[in-house]
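Residues per chain, in single letters:
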Amino acid sequence: MAEMSIKKRPKNLDLTTIRLPLPGKVSILHRVSGAGLFLFLPVLLWLFSASLTSVDSFSTFKSVFSSLPAKVVLAGLIWAFVHHFCAGIRFLLLDLHVGIEKEAARKSAAVVLAVSIPLTLVLWGVLL
């Protein structure tokens, strides 16, 4: 029998020193944005439902969401949706074996960020 040799690979468990490539960062942001959207969905549905109950509740929500902290939270949710959508299209193309080469994957990750950030700013300006 051949002896199995177990390689002693170095393990880096210090998360502050790990430098991910851009596709790795986009992948993590895709997961974080999906989790954030999933967690905020009940809150958004409740806010939408409560704002439709009466004119007074709608005016209350309108005044609350005119404040800067509420606008920043809504901008974050808009970014999460747009980024998750754009990255989702990228991952669907990767599943179809389109752009799986290293350089193409880097470019598509850069395109996701280059599209999602300006589109968020446009939608933030239009919606808020």
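Preceding this section is the structure that the text describes.
The rules behind these values
- Residues numbered from 1 in each chain as written.
- Predicted model: local features only at pLDDT ≥ 70, side-chain atom pairs only at ≥ 80, totals over all residues.
- Heavy atoms only, no water.
- Salt bridge = Lys/Arg side-chain N within 4 Å of Asp/Glu carboxyl O.
- Helix = DSSP H or I, 4+ residues; strand = E, 2+ residues; numbered from the N terminus.
- Buried < 20%, exposed > 50% of the residue type's maximum accessible area, 1.4 Å probe, protein only.
- Axes fitted to C-alpha atoms, helices over the stretch in contact; angles between N-to-C directions.
- Left-handed = near helix turned anticlockwise from the far one by under 90°.
- Nonpolar A, V, L, I, M, F, W, Y, C, P; charged D, E, K, R; others polar.
- Core = buried A, V, L, I, M, F, W, Y, C linked by side-chain atoms within 4.5 Å.
- Contact = heavy atoms within 4.5 Å.
- Expected span 1.5 Å × (residues − 1).
- Parallel < 35°, antiparallel > 145°, perpendicular 65-115°, else oblique.

Our focus in this paragraph is the pattern of salt bridges. Any two side chains of opposite charge can pair if their charged atoms end up close together. Under the definition given, this model contains one salt bridge. Residue Arg106 pairs with Glu103 through a salt bridge whose shortest N-O separation is 3.9 Å. With Arg106 and Glu103 both in helix α4 (residues 102-127) and three residues apart, this pair spans about one turn of that helix. The partly exposed category is assigned to Arg106, whose relative accessible area is 38%. Assessed through its relative accessible area of 46%, Glu103 is described here as partly exposed.

Attention shifts here to the packing of helix α3 (residues 68-95) against α4. Contact geometry of α3 with α4 gives a least axis separation of 8 Å together with a crossing angle of 145°. Handedness of the α3/α4 crossing: right-handed. Classifying every residue of the contact of α3 with α4 gives 16 nonpolar, four polar and two charged.

Core analysis: the biggest nonpolar cluster contains seven residues, these being Val26, Ile78, Val82, Cys86, Ala87, Ala109 and Val112. At four residues, the largest contribution of residues to this core is made by α3.

In this structure, His30 sits in helix α1 (residues 22-51). Its relative accessible area of 15% is what places His30 among the buried residues. Residues within four places of His30 in sequence aside, it is in contact with His83, His84, Ala87, Gly88 and Phe91.

Side chains of residues three or four places apart in an α-helix project in the same direction, reflecting 3.6 residues per turn. Counted at 1.5 Å a residue, the expected span for α4 with its 26 residues is 38 Å, and the 37 Å between its end C-alpha atoms agrees. Burial in α4 covers these residues: Ala105, Ala109, Val112, Ser116 and Thr120. Its buried side turned inward, α4 meets α1 and α3.

Closest axis-to-axis distance for the α1/α4 pair is 8 Å, and the angle between their directions is 45°. It follows from the interaxial angle that α1 and α4 lie oblique. Note on packing geometry: the crossing formed by α1 with α4 is left-handed. For the pair α1 and α4, the contacting residues are Leu22, Pro23, Val26 and Leu29 in the first and Ala105, Arg106, Ala109, Ala110, Val112 and Leu113 in the second. Grouping the amino acids of the contact of α1 with α4 by side-chain chemistry returns nine nonpolar, no polar and one charged.

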